[in-house]
Amino acid sequence: MNTPHTKVRLDKWLWAARFFKTRALAKKAIEGGKVHYNGERCKSSKMAEIGAMLTLPQGWDEKRIEIIELSDQRRGAPEAALLYKETDASIKKREEEAEKRKLLKTAMGAPENRPNKKDRRMIHRFKRVDSEL
């Protein structure tokens, strides 16, 4: 942010932008195929570039962001948010998915109470019969 960087490893940039708590977690996500750089899988040693598009998981959702600035130092959340910009389509999709989850949760309803011993036996019996088929 104060010093312009020309080369920053992708795992280090993800850590600096506060998408992951540690560089090790960022590296694990990249190597696991969770993070896509310009639509393709990549290595954690890939050099991040300004203007590159990243797709990465965030909880239940998937964010699509554009790298605006490079940094290899982890700073506060307001400063880290200046490193990237989420696409409008990504924001809209996340909001729609959140609304669907909210509606599904209200439609299903919560059980009134926990199952007692008899109920648990019936559940186990049902699962056993179902798994044998």
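None of these values were measured; they are calculated from a predicted model.

Draft legend 1. View of the sheet that holds strand S6 (residues 61-67). Taken in spatial order, the five strands of this open sheet run S3-S2-S5-S6-S7, and their pairing is antiparallel. Because the sheet does not close on itself, it has two edges, and the strands there are strand S3 (40-41) and strand S7 (84-86). Looking at chain direction, strand S2 (residues 36-37) and S3 are connected through two bridges and run antiparallel. In the sheet register, tyrosine 37 faces S3, and the bridge partner there is glutamate 40. Contacts from helix H4 (residues 88-108) reach S6 and S7 within the one sheet, and its direction differs from that of S6 by about 165 degrees.

Draft legend 2. Examining the packing of aromatic side chains more closely. Scanning the model with the defined rule gives three aromatic pairs in all. Measuring from centroid to centroid gives 6.5 Å for tryptophan 13 and tyrosine 84, while their planes differ by 80 degrees, and the two rings are edge-to-face. Placement of the pair is tryptophan 13 in helix H1 (residues 10-16) and tyrosine 84 in strand S7, with a sequence separation of 71 residues. For the pair formed by tryptophan 13 and tyrosine 84, the shared burial category is buried. Ring centres 4.7 Å apart and planes at 50 degrees place the aromatic pair phenylalanine 19 and tyrosine 84 in the tilted group. Here tyrosine 84 lies in strand S7 and phenylalanine 19 lies in the loop between H1 and helix H2 (23-31), a separation of 65 residues in the sequence. Taken together, Trp13, Phe19 and Tyr84 form an aromatic cluster joined through their ring pairs.

Draft legend 3. Quick peek at the confidence of the model for the chain. For the chain, the mean per-residue pLDDT works out to 90, and 93% of the residues sit at or above 70. Within the chain, the element-level pLDDT minimum falls on helix H5 (residues 117-132), averaging 84, and the maximum on S7, averaging 97.

Calculation notes
Residues numbered from 1 in each chain as written. Predicted model: local features only at pLDDT ≥ 70, side-chain atom pairs only at ≥ 80, totals over all residues. Heavy atoms only, no water. Pairing = 2+ DSSP bridges. Helix = DSSP H or I, 4+ residues; strand = E, 2+ residues; numbered from the N terminus. Contact = heavy atoms within 4.5 Å. Axes fitted to C-alpha atoms, helices over the stretch in contact; angles between N-to-C directions. Phe/Tyr/Trp six-rings, centres within 6.5 Å; stacked < 30°, edge-to-face > 60°. Buried < 20%, exposed > 50% of the residue type's maximum accessible area, 1.4 Å probe, protein only. pLDDT = per-residue confidence, 0-100.

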